[in-house]
Structures are given as structure tokens and as C-alpha cells.
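Analysis of the macromolecular model
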Amino acid sequence: MEVPCVRVEREEGEAARRELAESDLIVDEVEIVVEDGWLYIPVTDPDAIPPTFEVVTRDLPTRTTQQMPADILGFEPSYERLGEIVLIDEDDPELATEVADAVVTSALPVETVLNRASKVKGETRVRDWDVLAGNGTETVHREYGCEFLLDVARVYFSPRLATERHRVAEQVKPDERAFDMFAGVGPFVIPFAKRGATVVGADVNDVAIDYLNENARRNGVEDRVTAICGDVRETATEYENWADRLVMNLPHSADEFLDTAVSLAGDECVIHYYDIQHEDDPFGPGEAAIRAAAEPEYDVSVETQQTVRSYAPHELNVCLDVRLTR
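Presented here is a report on the structure given in the accompanying data block. (Residues numbered from 1 in each chain as written. Predicted model: local features only at pLDDT ≥ 70, side-chain atom pairs only at ≥ 80, totals over all residues. Heavy atoms only, no water.)

**A short note on unusual backbone geometry**
- Cis geometry marks the peptide bond from Glu 295 to Pro 296; its omega dihedral reads 0 degrees.
- For Arg 125, which is not glycine, the phi dihedral falls at a positive 60 degrees.
- Secondary-structure assignment places Arg 125 in the loop between strand 7 (112–116) and strand 8 (129–133).
- Look at Tyr 144: it is not a glycine, yet its phi comes out positive at around 50 degrees.
- Note that Tyr 144 resides in the loop between strand 9 (138–143) and strand 10 (146–151). (Helix = DSSP H or I, 4+ residues; strand = E, 2+ residues; numbered from the N terminus.)

See the structure below:
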């Protein structure tokens, strides 16, 4: 069957599939095919595909059996893929078990299904999980050519932010010095380093720091990555006036760390500042906080105002790309 397809390299396939699925652009009745290292994802409307993707026409087989969870259940369940684990969020235990059984029975290449058992909690932002199928909570997640080993029960990681992380990583230059103030297992640090930057990542979670070091080795960038365990306000003093780029992805409380961010910034520095605010003024409070911390030592210029996703009713998760010039 001749259909328009997005063609991506295989290692970028899951992130691309997720982005297209979120926009309801994938043709469910046609198989996704891998050939010669390329993944071909059938799409409903080639004109709606973001310009970052290559669109081609390809002869792909139609699905002849009910293989996906929705085919088995009769409705489209909400779930996220994280490596070989599927994450669901169902309050009804019977429905959660039904969805887990359908996921494992389906053609999805997963054996483990976890159901959220708590909200993100504590300083390390981890949550509890109920294991509904398979065993263990460790997995290898791949996005945009990078590989991340992580344990979802011991570290914070959101696969939903893959596109946003890629947007930021594409701005990084090979000779930059970048600092991720809340680095986790390295989803910003590793792609920055793969682009040739020298990168420091800090986190209060010692387990995340162990995974960050391991992921630097897995991706061949350990010579360009330094991992620091502890509160960045106390552990990064030797990097004052050092950074060309700062990532502040702690959207509920990043403003509490702005004085430290300013101290880390070099003569010219771009800050990627993540915030959660009401939809009536999602960017104003963040900009005001940055200006209060940085001026008059720096000129402050907002280069990009990016809506990352809806966080809650009438609340948005946003990013401000802000340039500081001394």
C-alpha cells in the first residue's frame, strides 16, 4: 500500500513515533517498517508533519491482525513507552490489569508494565510504581541517537520531553561549556556532550549521578562530562563565571536557584529556564525572576518563549531561552 511516511534513522524512531502519535498523525492500519537502518512511519497528513522530519512515499504492508493494545481492548489506552517498559496511570486496579494484559499480548516489544502508584515526591522527584507485568523497573531508553540506562523507581525521567530536549540540544555548539543544574541521568548532558560541548551535570540524587556517569560511558562522551552530586547551590562554586549555557529544568522551584545560575554564567550565557505558570501569563513570572536576579550585572534578552506541554487545567509547562550579556 503506497502511503506517505516519515523516514528517520532507527535509533531516533521511538522519539519520532511518540511525537507523531501525540499529534494523531500515524496511520494505525499500516505497519511501521524497518529497512536498512531506517524506520518508515506511515502518516495521515504529510502537510501537517513538522519540517524537521523527512517525508517520503513508501509501499508498506497493511495490518492484518489485531496487534496493538487498542485493537485488543476496543479503546485507546493512555500509556508511555520508556525503553522496554510501558507506563500507565490508572486508578482502577481492574482496568489497570486489563490494560497491562493487552500491552503484553500486543505487538509492542515490551514485557514490563508499570502503573503509577504515587505522585512525584521528595527532593529527588521519584514516584512509586506497581509492577503489573514483567519484573524490575530498570530499562534502557533511546532518543535522538542517545542511550540512557535508568531505573524509573529511583530517578526522575520524563519521556514526554524528548522533543523539547532535542530542540535545546540543537542549539549547542562544539566549543561550548554547558551546565545542567538538575541533570538527572543526563538527558540534556549526554546530547550536549555528543555535539562536542564540555558539560557539567549536578543532581541531589546520588543514584541519578551514578546513572549519569554510566550513560556518559555508554554514549562515548565520558571525557567531556563531569557529574556532581549535591545541591548545586553548595557544590558548584568552582564553576563560577564558567558557563556559556545553563539548563534549569526544575519548573516548580527553579526561581530559588537563579542567584546560583547568575554566578555560574560567563560573560555571555544562554539560560534554558523551565517554569509552570497559569495560562493567562505563562512567561511573565519567569522573565521577571530572571531579570531580578541578573540585572544590572547582565543585560537580559528573552530569545524564545516555548510552550512545552499542558501541565494541568489552565497551567502550562514552559521554557524561556534567555541570553545574559555582561
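**Examining the sheet that holds strand 17 (residues 315–325)**
- Read across the open sheet, the seven strands follow the order 13-12-11-14-15-17-16; overall the sheet is mixed. A single partner strand is all that each edge strand has here, and the edge strands are strand 13 (225–229) and strand 16 (299–312). Averaged over all adjacent pairs, the angle separating strand axes in this sheet is 15 degrees, with direction ignored.
- Of the pairings in the sheet, the one linking strand 11 (residues 177–180) to strand 12 (residues 198–203) comprises four bridges and is parallel in character. Note on strand 12: the bridge partner recorded for Phe 179 is Val 200.
- Sitting on the sheet, helix 6 (residues 206–218) is in contact with strand 12 and strand 13, with an inclination near 170 degrees to strand 13. (Pairing = 2+ DSSP bridges. Axes fitted to C-alpha atoms, helices over the stretch in contact; angles between N-to-C directions. Contact = heavy atoms within 4.5 Å.)

**Quick word on the pattern of salt bridges**
- Scanning the model with the defined rule gives 23 salt bridges in all.
- With a closest N to O distance of 3.2 Å, Arg 7 and Glu 54 form a salt bridge. Of this pair, Arg 7 sits in strand 1 (residues 2–9) while Glu 54 sits in strand 4 (residues 54–59), placing them 47 residues apart in sequence.
- Using a relative accessible area of 35% as the deciding quantity, one classes Glu 54 as partly exposed.
- Taking the shortest distance from any N to any O, the salt bridge between Arg 58 and Glu 35 comes out at 2.1 Å. Taken together, the residues Arg 58 in strand 4 and Glu 35 in strand 2 (residues 33–35) connect sequence positions 23 residues apart.
- Here Glu 35 falls in the partly exposed class, since its relative accessible area comes to 31%.
- Counted as one network, the salt bridges with shared partners bring together Arg 142, Glu 147, Glu 214, Arg 217 and Arg 218. (Salt bridge = Lys/Arg side-chain N within 4 Å of Asp/Glu carboxyl O. Buried < 20%, exposed > 50% of the residue type's maximum accessible area, 1.4 Å probe, protein only.)

**What to know about the side chain of Arg 245**
- Looking at the secondary structure, you find Arg 245 in strand 14 (residues 243–248).
- At 3.1 Å, the side chain of Arg 245 forms a polar contact with the backbone oxygen of Gln 171.
- Only 2.9 Å separates the side chain of Arg 245 from the side chain of His 272, close enough to count as a polar contact.
- Beyond its immediate sequence surroundings of up to four residues, Arg 245 is in contact with Gln 171, Val 172, Glu 176, Arg 177, Ala 178, Phe 179, Phe 192, Cys 269, Val 270 and His 272. (Polar contact = N/O pair within 3.5 Å; in protein donor to acceptor, adjacent residues only side chain to side chain.)

**Overview of the packing of aromatic side chains**
- In this structure the tally under the stated criterion is six aromatic pairs.
- Aromatic pair Phe 182 and Phe 257: ring centres 4.9 Å apart, planes at 85 degrees, arrangement edge-to-face. Within this pair, whereas Phe 182 is found in the loop between strand 11 and helix 5 (189–194), its partner Phe 257 is found in the loop between strand 14 and helix 8 (258–264), the two being separated by 75 residues in sequence. The same class applies to Phe 182 and to Phe 257, which are both buried.
- When the ring of Phe 188 is compared with that of Phe 192, the centres are 6.0 Å apart and the planes differ by 65 degrees; the resulting orientation is edge-to-face.
- Taking relative accessible area as the criterion, Phe 188 reaches 4% and is therefore assigned buried. (Phe/Tyr/Trp six-rings, centres within 6.5 Å; stacked < 30°, edge-to-face > 60°.)

**A look at helix 9 (residues 284–294)**
- Among the residues making up helix 9, those that are buried are Gly 286, Ile 290 and Ala 294. In a view along the axis of helix 9, the buried residues occupy a sector of 50 degrees, so they form one face of it. (Arc of directions from axis to C-beta.)

**Description of the side chain of Arg 81**
- You can see Arg 81 is positioned in strand 5 (residues 79–82).
- Of the polar contacts made by the side chain of Arg 81, one reaches the backbone oxygen of Gly 83; its length is 3.4 Å.
- With sequence-adjacent residues up to four places away left out, Arg 81 is seen in contact with Glu 14, Arg 17, Arg 18, Val 86, Leu 108, Pro 109, Val 110 and Pro 159.

**Comments concerning the pairing of strand 11**
- In the classification by handedness, the crossover that spans strand 11, the intervening helix 5 and the parallel strand 12 is right-handed.
- Pairing between strand 11 and strand 14: three bridges, direction parallel. Its bridge partner being in strand 14, Phe 179 is matched across the sheet by Leu 246. (Right-handed = clockwise from strand over helix to strand, strands pointing away.)

**Quick word on the sheet that holds strand 1**
- One open sheet accounts for four strands, arranged 2-3-1-4; its pairing is antiparallel. Bordering the open sheet on either side are strand 2 and strand 4, each of which pairs with just one other strand. On average, each strand axis in the sheet is tilted by 40 degrees relative to the strand beside it, whichever way the strands run.
- The pairing of strand 1 with strand 3 (residues 38–42) spans five bridges and is classified as antiparallel. Counterpart to Cys 5 in the pairing with strand 3 is Pro 42.

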